[in-house]
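The chain contents come next:
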Amino acid sequence: MYKLDIGWPKIPEYFTGQTFCVAVDSLHGLVYVGQRGENVPKVLVFSQEGYFLYSWNNTVEMPHGIFVVNTATDSSVWLTDVGTGKYGHTVKQYSPSGKLLQILGTPGNAGSSLIPLQFDQPAEVFVEESGDMYVVDGDGGMNNRLLKLSNDYKEIWLTGTNGTGIGQFKIPHSVTVDPVGRVWVADRDNKRIQVFDKITGEWLGSWNDCFSEDGPYSVRFTADYKYLIVAQLNMNRLAILAAPLVGSIGDCVMVSTVQLADETKPHLVDVDMKSGAVYVAEIGAQQVQKYIPLS
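Report on the accompanying structure.

Thresholds applied
- Residues numbered from 1 in each chain as written.
- Predicted model: local features only at pLDDT ≥ 70, side-chain atom pairs only at ≥ 80, totals over all residues.
- Heavy atoms only, no water.
- Helix = DSSP H or I, 4+ residues; strand = E, 2+ residues; numbered from the N terminus.
- Rg over C-alpha atoms; globule rule 2.2 N^0.38 Å.
- Buried < 20%, exposed > 50% of the residue type's maximum accessible area, 1.4 Å probe, protein only.
- Salt bridge = Lys/Arg side-chain N within 4 Å of Asp/Glu carboxyl O.
- Lys, Arg positive; Asp, Glu negative; His and termini not counted.
- Contact = heavy atoms within 4.5 Å.
- Pairing = 2+ DSSP bridges.
- Axes fitted to C-alpha atoms, helices over the stretch in contact; angles between N-to-C directions.
- Core = buried A, V, L, I, M, F, W, Y, C linked by side-chain atoms within 4.5 Å.
- Disulfide = S-S within 2.5 Å.
- Polar contact = N/O pair within 3.5 Å; in protein donor to acceptor, adjacent residues only side chain to side chain.

**Notes on the overall build of the chain**
Phase 1: The helix and strand inventory of the chain stands at zero helices and 24 strands.
Phase 2: Computed over C-alpha atoms, the radius of gyration of the chain comes to 17 Å, within 12% of the 19 Å expected from 2.2 N^0.38 for 295 residues, which places it in the range of a compact globule.
Phase 3: Projected onto the principal axes, the alpha-carbon positions of the chain cover approximately 45 × 45 × 35 Å.
Phase 4: Relative to its 295 residues, the chain shows a buried fraction of 59%.

Next up, the structure:
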């Protein structure tokens, strides 16, 4: 279903750290990459053609997840920071050029409070055009929860505690929303995907069958919303799952896989909703690779 675009990026040497996350701005043809390391730029910006454009480093410590949202008036980049220093435990909004616009959480302090809002190693954020956002919190800290926040950053609903039961999480690692009002969460260490109602937060079902060997690290829909792309880091592969359009989510059906090289360690992915290209952030290979759909 996909083939590797070996010409992306044009100069891979710009990847100088561990590449943890990637986000596509399909409206403006940009690809943002979050990387970690000593004395490396934390966010790299490429064109969809693979040319390096610029980088920024302002107030970013340890990026984990990254997301681009476009509204009628502007576009911005949201980033989750799991650092342990003065910028960590936050979800931050930046301009495309890296100007800090908003900080959610208490920088440098992990917590579970809602007033003030606190996180502990927030893993990923998904923002809708309305400004409503979903945060999976977190990546191994004290919290195992999914929060929905309004566009003025107030809690609309919260679900999840640490555990293996329905609606509980063990490292909720990635989150996305489909067009029919369902929120999909990669419940990594429980080796399942759980699904919730966008309006109420009610649990709608879970998929376990596809992940007996390795838990899901990412959840992203293809451009036509027919499939979910799921990274399985320890198996070095992408799983392509059939996405139910409406109604019951049913059982997990694995349609195809993309096997990556040993020790690639795919961590998080994003999809260009115009071209259908899949970008994979690989912490083992320390690169982002682009896969294009076979026509």
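Let us keep going from here.
**Some words on the pattern of salt bridges**
Phase 1: In total, this model carries 12 salt bridges according to the counting rule given.
Phase 2: The partner of Arg188 in a salt bridge is Asp139, and the shortest N-O contact between them spans 3.6 Å. Of this pair, Arg188 sits in the loop between β15 (182-187) and β16 (192-197) while Asp139 sits in the loop between β11 (133-137) and β12 (145-149); the two residues are 49 residues apart in sequence, bridging distant segments of the chain. There is no split in this pair, since Arg188 and Asp139 are both buried.
Phase 3: Connected through salt bridges with shared partners, the residues Glu124, Arg220 and Asp270 form a single ionic network.

**Section: the side chain of Glu61**
Phase 1: Relative to the helices and strands, Glu61 is located in the loop between β5 (52-56) and β6 (63-70).
Phase 2: Despite being buried, Glu61 has no salt bridge partner; Lys92 is the closest side chain of opposite charge, sitting 6.2 Å away.
Phase 3: Residue contacts for Glu61: discarding those within four places in its chain leaves Lys42, Asp81, Gly83, Thr84, Gly85, Lys86, Tyr87 and Gly88.

**Points about the sheet that holds strand β8 (residues 90-94)**
Phase 1: Across the sheet, four strands lie side by side as β6-β7-β8-β9; this open sheet has antiparallel pairing. Every interior strand has two partners, whereas the edge strands, β6 and β9 (100-104), have only one. Between one strand and the next, the sheet's axes are offset by a mean angle of 20 degrees, whatever the strand orientation.
Phase 2: In this structure, strand β7 (residues 75-81) lies alongside β8, joined through five bridges in antiparallel fashion. The residue of β8 that forms the bridge with Trp78 is Gln93.

**Re the environment of Pro63**
Phase 1: Its location among the elements puts Pro63 in strand β6.
Phase 2: Placed 25 residues apart in sequence, Pro63 and Gly88 show a C-alpha to C-alpha distance of 9.0 Å.
Phase 3: With near-sequence residues (within four places) excluded, Pro63 lies in contact with Phe20, Cys21, Gly34, Gln35, Arg36, Lys42, Leu79, Thr80 and Asp81.

**Remarks on the nonpolar core**
Phase 1: Formed by 30 residues in total, the largest nonpolar core has its most connected members in Tyr32, Trp56, Ile66, Ile229 and Val278.
Phase 2: Counting 25 residues, the second largest nonpolar core, distinct from the first, contains Trp78, Ala123, Val136 and Phe169.

**Side note on the state of the cysteines**
Phase 1: Counting across every chain of the model gives one disulfide.
Phase 2: Two residues, Cys210 and Cys252, share a disulfide whose sulfurs are 2.0 Å apart. Here the disulfide of Cys210 and Cys252 is left-handed, its torsion about the S-S bond being about -115 degrees. Within this pair, whereas Cys210 is found in the loop between β17 (203-207) and β18 (220-221), its partner Cys252 is found in the loop between β20 (237-242) and β21 (254-259), the two being separated by 42 residues in sequence. Pair check on accessibility: Cys210 and Cys252 agree, each one buried.

**Here's the deal with the side chain of Lys92**
Phase 1: Locating Lys92 in the fold gives a position in strand β8.
Phase 2: Overall, Lys92 belongs to the buried group, its relative accessible area being 1%.
Phase 3: There is a polar contact of 2.7 Å between the side chain of Lys92 and the backbone oxygen of Thr59.
Phase 4: In this structure Lys92 touches Thr59, Val60, Val77, Trp78, Leu79, Asp81, Tyr87, Leu100, Gln102 and Ile103, once residues within four positions along its chain are discounted.

**Focus: the sheet that holds strand β23 (residues 278-282)**
Phase 1: Read across the sheet, four strands follow the order β1-β24-β23-β22 without closing on themselves; strand pairing throughout is antiparallel. Strands with a single pairing partner mark the edges of an open sheet, and in this sheet they are β1 (2-4) and β22 (266-271). Neighbouring strand axes in the sheet, compared pairwise and without regard to direction, differ in orientation by 30 degrees on average.
Phase 2: One ladder, built from five bridges, connects β22 with β23; its direction is antiparallel. When the bridges of β23 are listed, Val271 appears paired with Val278.

Shape is all these values report; function is a separate question.
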